[in-house]
Amino acid sequence: MAACATDTARELLCRDSRAAANLKLVSIFVIFATSVAGISSPVLLARLFHGKPVYDKAILIIKCFAAGVILSTSLVHVLPDAFTALADCQVASRHPWKDFPFSGLVTLIGVLTALLVDLAAASHVDGQGQGHRHGNYAPVGTGEELREAKKKSAEGGVELGGDCGSEITKAEELLKMKQRLVSQVLEIGIIFHSVIIGVTMGMSQNQCTIRPLVAALAFHQIFEGMGLGGCIAQAGFSFGTTAYMCFLFSVTTPMGIVLGMIIFSLTGYDDSSPNALILEGLLGSLSSGILIYMGLVDLIALDFFQSKLMNSESWLKKASFIALVLGSTSMSILALWA
């Protein structure tokens, strides 16, 4: 209880509604601009390299960097914040929050939910490609092999038979379906996280907390945007869908800030109240579970263990691992400030 009293006294010294409102208005434009820059850069790079010999390799390296960013986001940013929210003295002193580790439980629910979505999608994909080996892993990461088969057949003057050509076409379609599903589920998990960040910041009146958070969130959105953008680029969405997904990511955190400001102005709702902390902790744990599953299973495992392109060239595997480490490191360092 003494710790709670100390924290409250420190917060009162930093509370300034006018200064906090000015900082939040600046942060809306800064975070929107950095979000656009982060998510659009891998998409533009993919379009620049499309059709060139290095296209598949560039996409693979970008996606490995993205996987590192997403895994670090879930384990270093989202999950610790969720644990901290539910471990706050105002929450941890109540039943049932002091009796059970709900952060871990809800994270597990997030992982199982992502798995359930993956299994349902795999069943749907299998239903559309009867007579082929699809599974959750087989189609993903094999686009380069399918294109290589077509190329070799054309170079050798061999015309693909009806069944063989149809099989390759169906496999390519299944590959794209899986990649698009991964991108969409990943965006859902990131949006949960972004809304929590935005609303929490919007409701806060603590200028000591907001000031360093603006700069940290700007870099945070760049790296997280690059992570999601890399997956969107590989999925090969239409221009309209790609633009919509990029726009949705870019506006989620700024709109969360605006929503938080509106909630506070209408209700005077305190972001440090027990109910706000419980909501933040539960949503953060759920989104963390989704991101952990997507990062490990749908990104890292598939690229490093299922991609024949990566396994056929040792330098590419090393470059991909370095990209993974760089993505993880970049996002982890930001935990010092946000």
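Residues numbered from 1 in each chain as written. Predicted model: local features only at pLDDT ≥ 70, side-chain atom pairs only at ≥ 80, totals over all residues. Heavy atoms only, no water.

**A word on the confidence of the model for the protein chain**
In low-pLDDT segments, the atomic positions of the prediction should not be examined closely. This prediction gives the protein chain a mean pLDDT of 77; 78% of its residues lie at or above 70. Taking the mean pLDDT of every element in the protein chain, the minimum, 49, falls on helix H6 (residues 143–155) and the maximum, 90, on helix H12 (residues 314–333). The low-confidence segment residues 131–143, where pLDDT is below 50, has 30 contacts with residues more than four positions distant or belonging to other chains. Considering only residues more than four positions removed or in separate chains, one finds that residues 152–160, a stretch of pLDDT under 50, has 5 contacts. (pLDDT = per-residue confidence, 0-100. Helix = DSSP H or I, 4+ residues; strand = E, 2+ residues; numbered from the N terminus. Contact = heavy atoms within 4.5 Å.)

**Some details on unusual backbone geometry**
Residues His95 and Pro96 are joined by a peptide bond in cis, for which omega reads 0 degrees. Along the chain, Pro96 turns up in the loop between helix H4 (89–92) and helix H5 (102–128).

**Section: the UniProt feature "transmembrane region" (unreviewed entry) in the protein chain**
Sequence positions flagged by UniProt for "transmembrane region" (unreviewed entry) are, in local numbering, residues 25–46, 58–80, 100–121, 185–204, 210–232, 244–266, 286–307 and 319–337. The distance separating the terminal C-alpha atoms of residues 210–232 is 31 Å; by composition the span is 100% helix and 0% strand. Structurally, residues 244–266 comprises 100% helix and 0% strand, and the distance from its first C-alpha atom to its last is 31 Å. (UniProt positions renumbered as here; feature names shortened; annotations may be inferred.)

**Topic: the nonpolar core**
General note: in soluble globular proteins, nonpolar side chains tend to be found buried as a group. Grouped together as the largest cluster of nonpolar side chains are 40 residues, with contacts concentrated most on Leu186, Leu228, Ile232, Met294 and Leu299. Breaking this core down by element, the ones donating at least two residues are helix H2 (17–49), helix H3 (55–87), helix H7 (162–203), helix H8 (207–235), helix H9 (239–267), helix H10 (274–306), helix H11 (308–312) and H12. Leave out the neighbours within four places in its chain, and Leu299 touches Lys63, Ala67, Ile70, Val182, Leu186, Cys231 and Met294. If you look at the next biggest cluster of nonpolar residues, it comprises 11 residues, including Ala20, Met201, Leu217 and Ile257. (Core = buried A, V, L, I, M, F, W, Y, C linked by side-chain atoms within 4.5 Å. Buried < 20%, exposed > 50% of the residue type's maximum accessible area, 1.4 Å probe, protein only.)

**Notes on H2**
The first and last C-alpha atoms of H2 sit 48 Å apart over 33 residues, in line with the 48 Å expected at 1.5 Å per residue. Remark: the principal bend of H2, roughly 35 degrees, maps to Ser40, with a proline, Pro42, within the next four residues. Looking one or two places after H2, you find Gly51, whose phi comes out positive at around 85 degrees. (Expected span 1.5 Å × (residues − 1). Bend = angle between axes of the 7 residues up to and from the residue.)

**Some points on the environment of Val36**
Among the secondary structure elements, Val36 is positioned in helix H2. A residue is classified by how much of its surface remains accessible, and Val36, at 34% relative accessible area, is partly exposed. Taking the C-alpha atoms as reference points, Val36 and Gln221, separated by 185 residues in sequence, lie 8.7 Å from one another.

**Some details on H12**
For an α-helix the count is 3.6 residues per turn, leaving residues at separations of three or four pointing the same way. With 20 residues, H12 extends 29 Å from end C-alpha to end C-alpha; this agrees with the ideal 28 Å at 1.5 Å per step. What H12 keeps buried is the set Leu316, Ser320, Ala323, Leu324, Gly327 and Met331. Along the long axis of H12, the arc covered by the buried residues comes to 100 degrees, so they all point the same way. Looking at H12, the residues exposed on the side facing more than 90 degrees away from the buried face are Ser314, Lys318 and Ile322. (Arc of directions from axis to C-beta.)

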